[in-house]
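Residue-level structure breakdown
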Amino acid sequence: MLKTGSRHSLHDYIHIVGIHALAVGLVCSKAILSLSLILLVTNLVIERNYRSYWSYLRSSQVFLWVSAFFILHLIALAWSVDFDYGFHDIRIKLSILLIPAVLIAKPIVDGNIKTSILWIFISTLFVTSLINVTAYFQFFGERVYADMRELSLFGSHIRYALLIVMGMVSTIYLFHE
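One structure accompanies this document, and this report is about it. For every chain, the first residue of its written sequence is number 1, and the numbers climb from 1 along that sequence. Residues qualify for local features only when their pLDDT is at least 70, as the model is predicted, and side-chain atom pairs are given and counted only at 80 or more; totals for whole chains, interfaces and linings, by contrast, use all residues. Note: side-chain values were computed over all heavy atoms of the structure, leaving out hydrogens and water.

Focus on the nonpolar core
If you look at the biggest cluster of nonpolar residues, it comprises 31 residues, and the most contacted ones within it are Leu22, Leu57, Phe63, Ile117, Phe121 and Leu125. Only runs of H or I of at least four residues qualify as helices and only runs of E of at least two qualify as strands under DSSP, and these elements are numbered from the N terminus. Secondary-structure elements contributing two or more residues to this core are helix H1 (10-28), helix H2 (30-47), helix H3 (50-58), helix H4 (61-76), helix H5 (83-105), helix H6 (111-136) and helix H7 (157-176). For this core, the leading source of residues is H5, giving seven residues. A contact between two residues is defined here by any heavy atoms of the two lying within 4.5 Å. Apart from residues lying up to four places away in sequence, Leu57 is in contact with Phe63, Ala101, Ile104 and Ala105. By nonpolar core we mean a set of buried residues, namely Ala, Val, Leu, Ile, Met, Phe, Trp, Tyr and Cys, connected to one another through side-chain atoms within 4.5 Å. In this scheme, a residue with accessible area under 20% of its type's maximum is buried, one over 50% is exposed, and one in between is partly exposed, where area comes from a 1.4 Å probe on protein chains only.

Dropping the structure here:
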């Protein structure tokens, strides 16, 4: 657990860097998102503080509900016809389980670190929005858009819109803090 005023171990710093990378990866790159998850999970495994992790996970209602959702998908494989797609779908949804598990197993208590994570997330959203707008107005190169949904260069337009809304809520939270 990361507390204010305490000495941080190397694992704590790796955890903080991994969560910052996770905030960037959520916005602009599945590769960064995957690498940060691998870093965070590997860090937890190497740190070997399993009793503490398990007590945090067991006491979290969010983790229990997310786990139930994931287990329901595993059970649904029993009556699936297309196992290849079923396992592909579970692999894709694994990040829905891993992100809350990592954030709950080793929570960040320090408010300054939480604030810096939110600012990194908001800044990444702002930069990617600028890149999308400059590409749309063809300031750099020429690209023809058949549909407004192609404006999102970094992934699904629906996912990006949801991240923008999360960024707006995060900005309001930070200014009212």
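What to know about the packing of H4 against H5
Fitting a line to C-alpha atoms yields each axis, with helices limited to the stretch in contact; the angle taken between N-to-C directions then spans 0 to 180 degrees. In the contact formed by H4 and H5, the axes pass within 10 Å of each other and the chain directions differ by 165°. Put simply, H4 runs roughly antiparallel to H5. Crossing angle aside, the handedness with which H4 passes H5 is left-handed. Contacts between H4 and H5 involve Val62, Phe63, Val66, Ser67, Phe69, Phe70, His73 and Leu74 on the former and, on the latter, Asp89, Ile90, Lys93, Leu94, Ile96, Leu97, Pro100, Ala101 and Ile104. Residue classes follow a fixed rule: Ala, Val, Leu, Ile, Met, Phe, Trp, Tyr, Cys and Pro count as nonpolar, while Asp, Glu, Lys and Arg count as charged, and any other residue, Gly among them, counts as polar. Each residue belonging to the contact of H4 with H5 can be placed in one class, and the counts come to 13 nonpolar, two polar and two charged. Just so you know how the angles are binned, under 35 degrees is roughly parallel, over 145 roughly antiparallel, 65 to 115 roughly perpendicular, and the rest oblique. Crossing handedness is read from the near helix: turned anticlockwise from the far helix by less than a right angle, it gives a left-handed crossing, and turned clockwise, a right-handed one.

These figures capture arrangement, not role.
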